[in-house]
Structures are given as C-alpha cells and as structure tokens.
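Chain by chain, the residues:
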Amino acid sequence: MPTLLIADDHPLFREALRGVVAKVLPGAILHEADSVEALYALVEREADADLLLLDLNMPGAQGFSALVHLRALEPQLPIVVVSAREEPAVMRRALDHGAFGFIPKSADAATLGEAIGTVLAGDRWAPDAATSAPGAAAAEYDAAQRLRDLTPQQFRVLQMLGEGLLNKQVAYELGVSEATIKAHVTAILRKLGANNRTQAVLIAGRLALDPGTLAAHPEDAE
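Residues numbered from 1 in each chain as written. Predicted model: local features only at pLDDT ≥ 70, side-chain atom pairs only at ≥ 80, totals over all residues. Heavy atoms only, no water.

Colleague: Can you walk me through helix α8 (residues 152-162) in this structure?
Modeller: Helical geometry: 3.6 residues make up each α-helical turn, so side chains three or four residues apart lie on a common side. Most of α8 sits out of view: eight of its eleven residues are buried. Considering only its buried residues, α8 is in contact with α2 (36-45), α3 (65-73), α7 (138-147), α9 (167-174), α10 (178-192) and α11 (197-205). Following α8 by one or two positions, Gly164 adopts a phi angle in the positive range, close to 85 degrees. (Buried < 20%, exposed > 50% of the residue type's maximum accessible area, 1.4 Å probe, protein only. Helix = DSSP H or I, 4+ residues; strand = E, 2+ residues; numbered from the N terminus. Contact = heavy atoms within 4.5 Å.)

Structure (structure tokens):
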C-alpha cells in the first residue's frame, strides 16, 4: 500500500485528510508533520513515500520556498499543495514551482479523493482555473533556482533571517555556535548572489504568497 505524508498545522484538517485517504486508499500508511521543521525530518525518514500533501501556511513556511526546497531535496517525491489560498495565480505558481497538483481546502471529499488518486496514478491534478492563470514571473523563477542550491541547514538559517533574527538568536535556536551561523550566512550570500542579509531575504521573498516591502536586516548596519 502507498505511503502518504500529510504536512499541515491544523489537527482538524489533518483528521479530515486521514478520513478521505482511508476511504480512497484503505490500508494506506500515513505520517504527519505540523511544521516545516518536522516535515524535513519526516521526508528524510520516509524517503520512499509515494505522496506529500503540503499546506503552504505552516510554522516555518514562507510562501513557496518550502515547496521549492523539498523539490530540490527529494525530486522523486510527488507533492500536492493543499491550501486555503485558492486564487488561480497562487495555484498556477505552485504548479510552476514543481507541485504535481493543487487541491483547494474548500474541495469536498470526493474531489480530494479524485485528486489524490490522479496524482498517485502518475498524472497532475488542479482546478481548471489554475491552468489559465498567469505563470510565475522570471524573477520568481530565478529566485527558485538559487534557493535550490542551499543545503537544508542553510535554508533554515535563511528562513530565520527572514524573521529578523540575529546571528546569535539563530545559533541559539539551532543549537550551534555563532561562528557556524556566520559561515552559513557567508555561503548563503554567495549562493544567492547577494551582498548582504537584506538582499538575500529579498530574493527569498520573491517566493512569498504576497510579496511586500521588507525592512533592512538589523545586522546589515553593523
């Protein structure tokens, strides 16, 4: 039986997905994660999983960056985005960044089942509105390509920089030395082609669901 991964921070929605999967694929093996950090560990542990159902809005997630990073880490793992963000442009951008499907959270159980079955059979699934929406911009594609070069730890550091954390705060959260974080930041800037932290976060911000203005990172003024 197939192994499915569910990544969503809402327990009630995870329960609803479990119910749908149980009807469509009785006996399927399910594993769950409620944050991006937990999801990375789960994907590494379940390297042979058949499908990942991914919510875009989870703790540690920033727009499409987690999707892009997971596609680079596990290119063989089909990912279906399941999201309350149902604008056609958001759906299309998810597909452009490597999602095999997009299921709106408002979809009924029958539609969820159809979508999951379609992707497991090797085909893509998304609402018709997604295919007619404009695709991701060139700058967004460029940012996605650069982010794919980051290691998992560098990606975590970049996300924390995007939250405005200082090097010492990131070091504390990750349980490493501040010197290690500085080395990661140097590598991140080089791989992204950025001159400072603010530029690096701006590049990653091109993958946000709603790109907006960003204040300068406090350590860029040092």
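Don't stop here, the text continues.
Colleague: It is not clear to me how the environment of Pro88 should be interpreted in this structure. Could you clarify?
Modeller: Topologically, Pro88 is positioned in helix α4 (residues 88-96). According to the relative accessible area criterion, Pro88 is partly exposed, its value standing at 36%. In sequence terms Pro88 and Gly162 are 74 residues apart; their C-alpha atoms lie 26 Å from each other.

Colleague: Sorry, what's going on with the packing of aromatic side chains here?
Modeller: What characterises a pair of aromatic rings is the spacing of the ring centres plus the angle enclosed by the ring planes. A full pass over the atoms with the stated rule returns one aromatic pair. Judged by centre distance (6.1 Å) and plane angle (75 degrees), the rings of Tyr40 and Phe155 are edge-to-face. In this pair, Tyr40 is assigned in helix α2 and Phe155 in helix α8, connecting sequence segments 115 residues apart. Sitting above the plane of the Phe13 ring, Lys105 keeps its charged end 4.5 Å from the centroid. Over the face of the ring belonging to Phe100 we find Arg124, whose NZ or CZ atom lies 4.6 Å from the ring centre. (Phe/Tyr/Trp six-rings, centres within 6.5 Å; stacked < 30°, edge-to-face > 60°. Lys NZ or Arg CZ within 6 Å of the ring centre and 35° of its normal.)

Honestly, that's just the spatial picture; any functional story needs more than this.
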